Amino acid sequence: MSLFSELKRRNVIRVAIAYAVASWLVLQIIDVILPILEIPNWVAQLILLLLILGFIFAMVISWAYEITPEGLKRDSEVRRKESVTHKTAKKLDWITIVLLLVVGAVVIIDRFIPESSEGIPVQANGPTASTGEEIQSAKALSPGELIKQDKRQSVAVIPFVNMSDDESNEYFSDGISEELLNALVRIENLRVPSRTSSFTFKGSDKKLAEIGHELAVEHILEGSVRKAGNRIRVTAQLVEVRTDTHLWSQTYTRDLDDIFVVQDEIAHSIVGALQKHLSSKGQQDLTKHSTRNVEAYNKFLLGRHLWRERKTPALLAAIETLKEAIALDPKFDEAWNALANAYFALPDYTEGTDEKYYRLGLDATKTALKINPDSAMALINMGWHKANSEHDWEGANADFERALSLEPNNALFHQWYGSVLNIQDRLEEALHHLQIARSLDPLSLVIRHTPGYFLLWRLRLDEAEVHYRDAAELGQTFRWSFHNLDFLNCFRGDWEEARGYALQLAKMEGYDPAADLARIDAMENPALTERALVLLAQRQDIGDTVFGKALQYAALQEHERALEILEKAYEAGDSYIAHINYMKVFDPL
């Protein structure tokens with residue numbers, strides 16, 4: 001009799017299958033129980049080792065022994081005519097079938113039922129499912145209080161240092177840092193400050209304790225990258241801020257082709273060092289990559305780096321580089337999203353019609369969604385398009401809520417959704433999302449500024465000023481903050497303050513402040529309106545848009561002229577046209 005036939009007769013193969021299925025179920029149960037009981041990861045590793053040893057023992061027993069009505073007997077002591085292995089085989093088959101049904105149920109639950117987050121409360125169905133009490137409760141909490149309430153462990157990824165001889169490889173070290181941040185932010189029970197805040201410390205000589213305090217994190221991941229030809233050397237270390245001790249460190253010297261493996265190993269090592277236990281879905285999300293083409297990935301990192309420079313030559317170069325990445329891997333959805341973002345940004349920095357670049361960006365977004373319907377960035381871009389171009393609020397909200405269910409810890413998504421909700425005059429929900437964005441990205445100037453304009457144009461001046469002062473604490477300049485503080489002080493009647501902000505803005509932007517100063521004079525003394533109108537008509541630095549000349553005319557109470565500009569803006573497809581719904585300055589129209 002052949003070895004296979006003998007293994008089959010003695011039910012060794014059936015026992016192996018049943019044992020493997022049962023072991024998988026045990027590991028899934030452990031996967032659920034360990035985080036609840038806060039049991040460290042080494043317990044799961046010990047159980048896995050015991051299961052492996054148990055498998056060997058089960059194979060030996062099933063080969064050497066047979067289960068009989070009289071009990072366990074050595075196979076050699078049982079006559080063939082008296083053997084009941086065929087009956088045992090049927091029992092094992094039924095046991096295996098039942099176990100497989102349970103396995104199927106577990107897989108379906110794990111795949112289709114979303115995991116709950118133990119951090120900041122963001123409902124999977126978005127804020128439309130929130131009660132008024134929940135929103136008021138969130139409104140009462142400052143971003144700092146939200147962080148204190150967030151009981152999750154926290155880690156910040158600060159930019160890895162470029163150690164390459166070629167300074168132009170900076171894009172690669174920044175890109176690796178951002179990719180690691182994006183991987184860790186997918187872990188629901190881990191708080192990871194967003195890129196804007198973490199990259200504030202690029203090249204900083206601040207101590208890790210200071211950085212940890214400013215970002216309100218317990219751990220910091222830092223490192224360096226050296227790239228030379230097709231070889232890379234990546235050094236990474238995880239530091240506990242409170243004790244300034246290294247929890248983990250490792251150096252990887254590999255071929256560039258192994259970059260995905262290196263990133264996965266670092267991410268898994270961080271999870272292990274923090275004693276986080278991930279579900280099977282969490283494991284998949286942690287090591288998810290949109291491409292395995294290293295050359296395409298390298299061009300994607302360079303294109304994204306150029307896009308962030310926000311200058312005309314860099315944006316044009318980003319578009320060409322991202323096109324090259326897509327040519328190498330047409331199914332690379334992240335590259336399509338980056339290309340869309342570059343097209344969307346270009347009208348603000350170069351000549352050309354908004355419509356031309358907007359259409360190209362929208363086409364790229366649609367392609368990304370076709371490749372990956374679960375692309376959160378593509379859903380956000382599509383939601384923004386539906387809100388600002390089609391005024392399809394229901395469709396826009398659905399896209400934003402879907403994106404936030406996929407990436408609940410993405411500060412940018414909360415910021416943009418807050419802006420869309422604000423246009424719908426759902427202010428409290430909008431502020432709720434901006435608070436969450438502020439806690440996820442505490443050093444973002446734009447996020448701190450945004451609630452200010454929500455409130456300013458509703459003439460809630462004191463509340464708006466709180467947010468502008470919050471933004472000013474970062475010590476950075478932002479043209480729209482100066483612009484809005486000019487109007488805030490005009491509405492309040494603090495004319496000298498308004499003039500001060502108008503002068504600062506003109507100096508920053510390099511234009512003549514005469515028209516703004518004349519507008520402030522006319523708002524203080526309507527008898528001076530004629531001169532303000534003459535200078536306003538001559539202005540070349542602002543256009544016929546909602547926040548351009550329409551706002552200026554409305555502030556001067558020149559309602560007919562403001563309405564005329566708004567009609568032009570609407571015909572031209574001004575994406576800000578819907579904002580007039582909540583702007584009190586346009587109410588008299």
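Just above sits the structure.
Each chain has its residues counted from 1, running along the sequence as written. Residues qualify for local features only when their pLDDT is at least 70, as the model is predicted, and side-chain atom pairs are given and counted only at 80 or more; totals for whole chains, interfaces and linings, by contrast, use all residues. To get the side-chain values, take all heavy atoms of the structure and skip hydrogens and water.

Chemist: Break down the overall build of the chain for me, with residues and values.
Modeler: Where helices and strands are cited, they refer to DSSP runs of H or I of at least four residues and of E of at least two residues respectively, numbered from the N terminus. A tally of helices and strands in the chain yields 27 helices and eight strands. Only protein chains enter the calculation, and the probe is 1.4 Å; a residue is then buried if its accessible area is under 20% of its type maximum, exposed if over 50%, and partly exposed in between. Within the chain, buried positions represent 50% of all 589 residues. Contacts between residues were defined by any pair of non-hydrogen atoms, one from each residue, lying within 4.5 Å. Across the chain, the fraction of contacts at a sequence separation of at least 24, relative to all contacts at a separation of at least 6, is 61%. In this description, accessible areas are obtained by the Shrake-Rupley approach with a 1.4 Å probe, and a residue is regarded as covered only by the protein chains that are shown. Summing over all exposed atoms, the chain offers an accessible surface of approximately 29,400 Å²; the carbon and sulfur share of this is 54%.

Chemist: Give a detailed account of the packing of aromatic side chains, specifying residues and quantitative values.
Modeler: Only centres within 6.5 Å qualify two rings of Phe, Tyr or Trp (six-membered ring in Trp) as a pair; their planes then separate them into stacked at under 30 degrees, edge-to-face at over 60, and tilted for everything else. Evaluated as defined, the whole model comprises 16 aromatic pairs. Pairing Phe547 with Tyr576 gives two aromatic rings, centres 5.7 Å apart and planes at 90 degrees, and the pair type is edge-to-face. Note that Phe547 is positioned in helix H26 (residues 546–555) and Tyr576 in the segment after helix H27 (559–571), a separation of 29 residues in sequence. The exposure class of Phe547 is buried, given its relative accessible area of 16%. A network of ring pairs unites the aromatic residues Trp457, Trp480, Phe487, Phe491, Phe547 and Tyr576 as a single cluster. Two limits define a charge over a ring: the Lys NZ or Arg CZ must be within 6 Å of the ring centre, and within 35 degrees of the ring normal. Between the NZ or CZ atom of Lys227 and the centre of the ring of Phe172, over which it lies, the distance is 5.6 Å.

Chemist: Tell me about a negative patch on the surface, and please be specific about residues and values.
Modeler: A cluster of acidic residues, Glu560, Glu564, Glu567 and Glu571, forms a negative patch on the protein surface. Considering the arrangement of structural elements, one finds Glu571 in helix H27. Only residues whose relative accessible area exceeds 30% and that form no salt bridge are eligible for patches; like-charged ones are grouped when within 9 Å, while nonpolar side chains (Val, Leu, Ile, Met, Phe, Trp, Tyr) are grouped when within 5 Å. Take a side-chain nitrogen of Lys or Arg and a carboxyl oxygen of Asp or Glu: if they are within 4 Å of each other, that pair is a salt bridge. We treat Lys and Arg as the positive residues and Asp and Glu as the negative residues; His and chain ends play no part in the count. Just so you know, the charge point we use is NZ for Lys, CZ for Arg, CG for Asp and CD for Glu.

Chemist: Any details on the nonpolar core? Residues and values, ideally.
Modeler: Nonpolar side chains tend toward joint burial in soluble globular proteins. Phe172, Leu184, Leu221, Ile266, Trp457 and Met583 are the most contacted members of the largest nonpolar core, which has 131 residues in total. With eight residues, the single largest contributor to this core is helix H14 (residues 333–345). Among all residues touching Trp457, those that are not within four sequence positions of it are Asn484, Phe487, Phe491, Phe547, Leu551, Tyr582, Met583 and Lys584. Counting eleven residues, the second largest nonpolar core, distinct from the first, contains Ala156, Ile158, Ile211 and Val239. To form a nonpolar core, buried Ala, Val, Leu, Ile, Met, Phe, Trp, Tyr and Cys residues must be joined to one another through side-chain atoms within 4.5 Å.

Chemist: I'd like a rundown of the packing of helix H16 (residues 376–390) against helix H17 (residues 393–406), residues and numbers included.
Modeler: Relative orientation of the contacting elements H16 and H17 amounts to 160 degrees, with a least axis distance of 8 Å. The angle between H16 and H17 falls in the class roughly antiparallel. Pair H16 / H17 crosses with left-handed handedness. Packed against H16, whose contacting residues are Ala376, Leu379, Ile380, Met382, Gly383, Trp384, Lys386 and Ala387, the element H17 presents Trp393, Gly395, Ala396, Asp399, Phe400, Arg402, Ala403 and Leu406 at the interface. The residue classification treats Ala, Val, Leu, Ile, Met, Phe, Trp, Tyr, Cys and Pro as nonpolar and Asp, Glu, Lys and Arg as charged. All others, Gly included, are polar. Residue composition of the contact of H16 with H17, by class: eleven nonpolar, two polar and three charged. Only the contacting stretch of a helix is used when fitting its axis, a line to C-alpha atoms as for every element, and angles between N-to-C directions run 0 to 180 degrees. Under this scheme an angle from 65 to 115 degrees is roughly perpendicular, one under 35 degrees roughly parallel, and one over 145 degrees roughly antiparallel; angles in between are oblique. The sense of a crossing depends on the near helix, which, turned anticlockwise from the far helix by less than a right angle, makes the crossing left-handed and, turned clockwise, makes it right-handed.

Chemist: An account of the pattern of salt bridges is needed here, citing residue identities and associated values.
Modeler: Once the charged atoms of two side chains with opposite charge are near each other, the side chains can pair. Across all of its chains, the model carries 33 salt bridges by this definition. The closest approach of N and O atoms between Asp174 and Lys202, which form a salt bridge, is 2.5 Å. Highlighted residues: Asp174 in helix H7 (residues 170–184) and Lys202 in the loop between helix H8 (195–198) and helix H9 (208–215), separated in sequence by 28 residues. A salt bridge links Arg438 to Asp470; the shortest N-O distance between them is 3.1 Å. Here the residue Arg438 occupies a position in helix H19 (residues 427–440), and Asp470 occupies one in helix H21 (residues 461–472), the gap between them amounting to 32 residues. Side by side, Arg438 and Asp470 carry an identical accessibility label, which is buried. One continuous salt-bridge network, built from bridges that share partners, spans Glu178, Glu179, Arg195, Arg304 and Arg308.

Chemist: An account of the packing of H19 against helix H20 (residues 445–456) is needed here, citing residue identities and associated values.
Modeler: Any two packed helices are characterised by the angle at which their axes cross and by the distance between the axes. In contact at an axis separation of 9 Å, H19 and H20 are set at 165 degrees when each is read in the N-to-C sense. Relative to H20, H19 is oriented roughly antiparallel. H19 and H20 meet at a crossing whose hand is left-handed. Residues Leu427, Ala430, Leu431, Leu434, Ala437 and Arg438 of H19 touch H20, and the partners they reach there are Ile447, Arg448, Thr450, Pro451, Phe454 and Leu455. Partitioned by chemical class, the residues of the contact of H19 with H20 number nine nonpolar, one polar and two charged.

Chemist: So what's going on with the environment of Leu362? Which residues, and what values?
Modeler: For Leu362, the location among the structural elements is in helix H15 (residues 354–371). Between the alpha carbons of Leu362 and Tyr343 there is a distance of 8.7 Å; along the sequence they are 19 residues apart. Each residue touching Leu362, except ones within four places of it in the same chain, is listed here: Phe344, Met382 and His385.

Chemist: How would you summarise helix H25 (residues 529–538) if you had to cite specific residues and measurements?
Modeler: Looking only at H25, the buried set comprises Thr529, Ala532, Leu533, Leu535 and Leu536. Elements in contact with the buried residues of H25: helix H24 (514–524), H26 and H27.

Chemist: Lay out unusual backbone geometry in plain terms, naming residues and giving numbers.
Modeler: For Ala216, which is not glycine, the phi torsion reads 55 degrees and is therefore positive. Under the relative-accessibility criterion, Ala216 is labelled partly exposed at 31%. Backbone geometry at Asp244 places phi at a positive 55 degrees, although glycine is not the residue there.

Chemist: Can you break down the pairing of strand S3 (residues 153–157) residue by residue, with the values?
Modeler: Side chains on a regular strand alternate between the two faces of the sheet. By the criterion of burial, S3 is predominantly enclosed, with four of the five residues buried. Both S3 and strand S5 (residues 190–191) contribute to a ladder of two bridges, which runs parallel. Paired with Ser154 across the strands is Arg191, a residue of S5. At least two DSSP bridges between two strands are needed for those strands to be called paired. Bridge count for S3 against strand S6 (residues 219–228) is three bridges, and the pairing is parallel. For Ala156, the partnering residue across the bridge sits in S6 and is Ile220.

Chemist: Give a detailed account of a nonpolar patch on the surface, specifying residues and quantitative values.
Modeler: A grouping of Leu46, Leu48, Leu49, Leu50, Ile52, Leu53, Phe55, Ile56 and Val60 is seen on the molecular surface, where their side chains present a nonpolar patch of about 800 Å² in accessible area. What makes Phe55 partly exposed here is its relative accessible area of 32%.

Chemist: Let's hear about the side chain of Lys386: which residues, and what values?
Modeler: With respect to the helices and strands, the residue Lys386 is situated in helix H16. Dropping the residues within four chain positions of it, Lys386 is found in contact with His391, Asp392, Gly395, Ala396 and Asp399.

Chemist: Can you break down H9 residue by residue, with the values?
Modeler: Listing the buried residues of H9 in full gives Leu208, Ile211, Gly212 and Leu215. Each buried residue of H9 sits inside an arc of 100 degrees when the element is viewed along its axis, so together they form one side. Those residues of H9 hidden inside the fold are in contact with S3, S5, H8, S6 and strand S7 (231–240). Once H9 finishes, Ala216 follows within two positions and takes phi at roughly 55 degrees, a positive value. As used here, the arc belongs to the directions running from the helix axis to the C-beta atoms.

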